[in-house]
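Each chain, letter by letter, is given below.
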Amino acid sequence: MPEELVKKLKKHCPDILVFMLLVAYFVFLMGYFQPAISTPDAQGYFAQARLIATEGKTWLEPESSVQYIGPHWLHAGGNRYFTTFPPGLPAILAVPYKAFGPTAALLVNPLLACLSLLGLFLLCRLWLGGAWALLATALMAFNQVANEHALIGDAHTAVAFFLIWALYFLTRWAKTNSPWWILGAGLFFGIIPAIRYVDALFCLAFVAFVLLHFQNSQSFWRSFIAGMVGVAIPVGVLAIHNQVAFGAFWRTGYALSGEQSAIGWQYFVNNWFSYLQQLMSEGCGLLFGLGLIGTAVLCALPDTRKTGILFALLIVPVTVAYMSYYWRPDPQSMRFLMPTFAVYTVAGVWLLQLLARNSRSVAWAGASVLLLITALTGLPPSVRALERLESHNAVLAYVTGEIQKQVSSGSVLITNEAISQQLDFIGQWRLVETSILNPGRARPSLVANGSSQGVRGRTEEGLKKYGNLNRQEIFAAFSEDVWRWVGDERRVYFIAAKEEIDYYQSQLSQHDKLVRIAEIGVPTVQLSATAGPRLPVRSPALPQSTPIYDAIFDFRLNGVPLVIVEWIRD
């Protein structure tokens, strides 16, 4: 083989390997992909995306007091309901939804996850070279939190994508002083608060890094203006949206729930140690310590101090903010800090490269051990989490397909929460809030400060109307509202287990009857008594022989089929 060809292959070997890694990673994610959503946060984002794609608006205007409203939709005055989530990610999802349909929108997050790895590789290659960049990319590919949230349907993957690419653009600017690179960096940093409000704290690091490069020169001011314009474009659009939606450009969706007041010192005191434990285990693992040390060393060395300050400002403010949040740490808390994992990874791999200057063999041996441990501790929990997510989404995708075969578009459907939130994203039917019929199952408010903002998932009209009725009065009023909403040409269907159908039948008047249409099979999924931390815990009141079935909201996967019946009124 010619020597010149060998040199080219050696030079481009990391590029070839990272391409193979990205392909393998995407294939890995697609192995668990199912065209459905099964989490409450996903409903808030994807249903909003449907509204943007089909109606050009970010709010819901219920047509009936019994209409289904997802758990994150809250009353904003008049007949408008907004989610607590900003419209940035839904606006992105709306583009493929409009062009290719709901399934295309579901592919956005896994694509962003893959492109995040590509951005991380390019970022690290600027600093560290191809081989070390390949190591950093491989380490992130095994992160269990990032892998799970690539398919879970929330906004953290999108934030990580925009942060990583913003850092790449910012690094290119620092090397070239080109206003175009900093314009891109500012634009991507500015998009982040339009996706998650709290993550606007990342913008502080961007502004500080630019100011650290201050020079009283025309080129600096040109770059500074370009960067600020980049930030101002998406932030300005978000401010206009908030003005229209909530009456003030600084007011967010959290104002509807009171969650903006749910950050305090006492929460930080209670939560900080648990967060640190999680960061060192299922969060970043060994990279957490390496990343912190690497960031400290970057800050200490004069040549890298600006970058060290950038990394510190990316990590510390957002971590302290979420530690100070009222929500107690749980197995999913690391999703809040997932975008910072790339920063720990870059800083940690930079530290290994620094050590390699004195002992290359020892540093590469340490890197190999780090990669092996990360793979062994990250891949198995990734697989477990994705398998469970796949099983939930597969059931909902199958149920949706069967409903599409049996129930015409525009019909009114009465079914449970898990199926309703999935069908609300699809948008073909009118959905009814079934918790009205069972007040004990009504969703509680998630407001942290104890104030009453109403029960999520209910219209204001429905809350006032059904709040003081007994069970019999509720069903009578419910029936009238459903049929008033149906109109002359539409039809009404119940989709539930036979036991629930029998209950509905017993409540009907002499003018009503239920006609069986079809049956949908449901799998039996039992959870072991030693379920992991992400699975429900067995109640001590239950004997060990009592089976525990998996569930999606109130939809138990116990093998009992769903029955589709048409509600006919004479």
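Above this text you will find the structure in question.
In this text the structure is predicted, and so the values were computed from the model without any measurement. (Residues numbered from 1 in each chain as written. Predicted model: local features only at pLDDT ≥ 70, side-chain atom pairs only at ≥ 80, totals over all residues. Heavy atoms only, no water.)

**Student:** Pulling in residues and values, what's your account of the overall build of the protein chain?
**Tutor:** The helix and strand tally for the protein chain stands at 21 helices and 11 strands. The C-alpha radius of gyration computed for the protein chain amounts to 26 Å, which stays within 12% of the reference 25 Å derived for 570 residues, consistent with globular compactness. Considered along the principal axes of its C-alpha atoms, the protein chain spans approximately 85 × 55 × 50 Å. Of all 570 residues assigned to the protein chain, the portion counted as buried reaches 53%. Roughly 24,800 Å² of accessible area belongs to the protein chain as shown, and the carbon and sulfur atoms make up 62% of that amount. Counting 41 positive and 36 negative side-chain charges, the protein chain places the averaged centre of each group 10 Å from the other. (Helix = DSSP H or I, 4+ residues; strand = E, 2+ residues; numbered from the N terminus. Rg over C-alpha atoms; globule rule 2.2 N^0.38 Å. Buried < 20%, exposed > 50% of the residue type's maximum accessible area, 1.4 Å probe, protein only. Areas by Shrake-Rupley, 256 points an atom, 1.4 Å probe, with all protein chains shown as cover. Lys, Arg positive; Asp, Glu negative; His and termini not counted. Charge placed at Lys NZ, Arg CZ, Asp CG, Glu CD.)

**Student:** Could you give me a rundown of the nonpolar core, with the residues and numbers involved?
**Tutor:** In this structure, Phe189, Leu314, Phe341, Ile403 and Phe555 are the most contacted members of the largest nonpolar core, which totals 137 residues. With 14 residues, the top contributor of residues to this core is helix α8 (residues 156-176). Setting aside chain neighbours within four positions, we find Phe555 in contact with Val395, Leu396, Asn416, Ala418, Ile419, Val522, Asp550 and Leu562. Core analysis: the next-biggest nonpolar cluster, separate from the first, contains 24 residues, Val432, Tyr466, Phe475 and Val482 among them. (Core = buried A, V, L, I, M, F, W, Y, C linked by side-chain atoms within 4.5 Å. Contact = heavy atoms within 4.5 Å.)

**Student:** Go over the packing of α8 against helix α9 (residues 179-195) with me, naming the residues and quoting the values.
**Tutor:** Running from amino to carboxyl end, α8 crosses α9 at an angle of 160 degrees, the nearest separation of the two axes being 8 Å. Our classification of the angle between α8 and α9 gives roughly antiparallel. Considering the relative orientation of α8 and α9, their crossing is left-handed. For the contact of α8 with α9, the residue count by class is 20 nonpolar, 2 polar and 1 charged. (Axes fitted to C-alpha atoms, helices over the stretch in contact; angles between N-to-C directions. Parallel < 35°, antiparallel > 145°, perpendicular 65-115°, else oblique. Left-handed = near helix turned anticlockwise from the far one by under 90°. Nonpolar A, V, L, I, M, F, W, Y, C, P; charged D, E, K, R; others polar.)

**Student:** Just give me the short version of the pairing of strand β11 (residues 562-569), but keep the residues and values in it.
**Tutor:** Across the 8 residues that make up β11, a large majority, 6, are buried. Bridge analysis of strand β5 (residues 492-497) against β11 gives 6 bridges, and the strand direction is antiparallel. Bridge pairing links Ile495 to Ile564 in β11. In the sheet, strand β6 (residues 512-520) pairs with β11 via 8 bridges, with the strands oriented antiparallel. Directly across from Lys513, in β11, lies its bridge partner Ile568. (Pairing = 2+ DSSP bridges.)

**Student:** Help me get a handle on the packing of helix α5 (residues 108-128) against α8, residues and values and all.
**Tutor:** Across the interface, α5 lies against α8 with an axial gap of 8 Å and an inter-helix angle of 25 degrees. By the angle class used here, α5 and α8 are roughly parallel. Crossing geometry of α5 relative to α8 is assigned as left-handed. Contact residues: Asn109, Leu112, Ala113, Leu115, Ser116, Leu118, Gly119, Leu120, Leu122, Leu123, Leu126 and Trp127 in α5; Thr157, Ala158, Ala160, Phe161, Ile164, Trp165, Leu167, Tyr168, Thr171, Arg172 and Lys175 in α8.

**Student:** Could you give an account of the environment of Ala245, with specific residues and numbers?
**Tutor:** Its place among the elements puts Ala245 in helix α11 (residues 218-246). Considering only alpha carbons, one finds Ala245 and Trp59, 186 residues apart in sequence, at a separation of 8.3 Å. Once you skip the residues sitting within four places of it in the chain, Ala245 turns out to touch Ala76 and Phe82.

**Student:** Any chance you could break down the sheet that holds β6 for me, citing the residues and the numbers?
**Tutor:** Strand order in the open sheet formed by 5 strands is β4-β3-β5-β11-β6, with mixed pairing between adjacent strands. A single partner strand is all that each edge strand has here, and the edge strands are β4 (430-432) and β6. Within this sheet the neighbouring strands show an average axis-to-axis angle of 25 degrees, counted without direction. Those strands touched by helix α21 (residues 498-507) are β5, β6 and β11, and its axis lies near 135 degrees from that of β5.

**Student:** Break down helix α6 (residues 130-141) for me, with residues and values.
**Tutor:** Helix length check: α6, at 12 residues, gives a terminal C-alpha distance of 16 Å against a target of 16 Å (1.5 Å per residue), a fit within 8%. Extensive coverage of α6 is indicated by the burial of 11 of its 12 residues. For α6, the complete set of buried residues consists of Gly130, Trp132, Ala133, Leu134, Leu135, Ala136, Thr137, Ala138, Leu139, Met140 and Ala141. (Expected span 1.5 Å × (residues − 1).)

**Student:** Can you lay out a nonpolar patch on the surface for me, pointing to particular residues and giving the numbers?
**Tutor:** A grouping of Ile16, Leu17, Phe19, Met20, Val23 and Val27 is seen on the molecular surface, where their side chains present a nonpolar patch of about 570 Å² in accessible area. Within the secondary structure, Met20 is located in helix α1 (residues 3-30). (Patch = residues over 30% accessible without salt bridge, like charges linked within 9 Å, V, L, I, M, F, W, Y side chains within 5 Å. Salt bridge = Lys/Arg side-chain N within 4 Å of Asp/Glu carboxyl O.)

**Student:** An account of the packing of aromatic side chains is needed here, citing residue identities and associated values.
**Tutor:** Under the definition given, this model contains 40 aromatic pairs. Both rings, one in Tyr325 and one in Tyr326, keep their centres 4.7 Å apart while their planes meet at 65 degrees; by these two values the pair is edge-to-face. Summarising the burial analysis for this pair, Tyr325 and Tyr326 share the class buried. Aromatic ring contacts, followed pair by pair, group Phe161, Phe162, Trp165, Tyr168, Phe169, Trp181 and Phe188 into a single cluster. (Phe/Tyr/Trp six-rings, centres within 6.5 Å; stacked < 30°, edge-to-face > 60°.)

**Student:** Can you explain the pattern of salt bridges? Please cite residues and give values.
**Tutor:** For the structure on display, the rule yields 14 salt bridges. Lys57 is paired through a salt bridge with Glu55; the nearest N and O atoms lie 3.0 Å apart. Judged by its relative accessible area of 44%, Glu55 falls in the partly exposed class. One network of salt bridges, in which partners are shared, links Glu55, Lys57 and Glu61.

**Student:** For the state of the cysteines, give the residues involved together with the corresponding values.
**Tutor:** One pass over the structure, following the stated rule, counts 0 disulfides. Residue Cys124 stays outside any disulfide, its sulfur separated by 14 Å from that of Cys284, the closest cysteine. A relative accessible area of 0% places Cys124 in the buried class. (Disulfide = S-S within 2.5 Å.)

**Student:** I'd like a rundown of empty space enclosed by the protein, residues and numbers included.
**Tutor:** For the structure shown, the criterion picks out 3 cavities of 30 Å³ or more. Reported here for the largest cavity is a volume of approximately 150 Å³. Ala113, Ser116, Met140, Ala146 and Ala160 are, among the 13 residues lining the largest cavity, the residues nearest its centre. Taken together, the elements giving at least two residues each to the lining of the largest cavity come down to α5 and α8. At 4 residues, α5 tops the list of elements feeding residues into the lining of the largest cavity. Each residue belonging to the lining of the largest cavity can be placed in one class, and the counts come to 11 nonpolar, 2 polar and no charged. Volume-wise, the second largest cavity comes out at about 110 Å³. Taken together, 16 residues line the second largest cavity, and the ones lying closest to its centre are Ala36, Leu106, Leu151, Gly153 and Asn393. Secondary structure elements with two or more residues in the lining of the second largest cavity: α5, α7 (144-152) and α17 (360-406). Counting residues per element, the lining of the second largest cavity draws most heavily on α7, at 3 residues. Looking at the lining of the second largest cavity residue by residue, the class counts come to 11 nonpolar, 5 polar and no charged. (1 Å grid on protein atoms, 1.4 Å probe; cavity = no way out; pocket = protein on both sides within 12 Å on 5 of 7 lines; lining within 4 Å. Points joined across faces, edges and corners; volume = space filled by probe spheres on them.)

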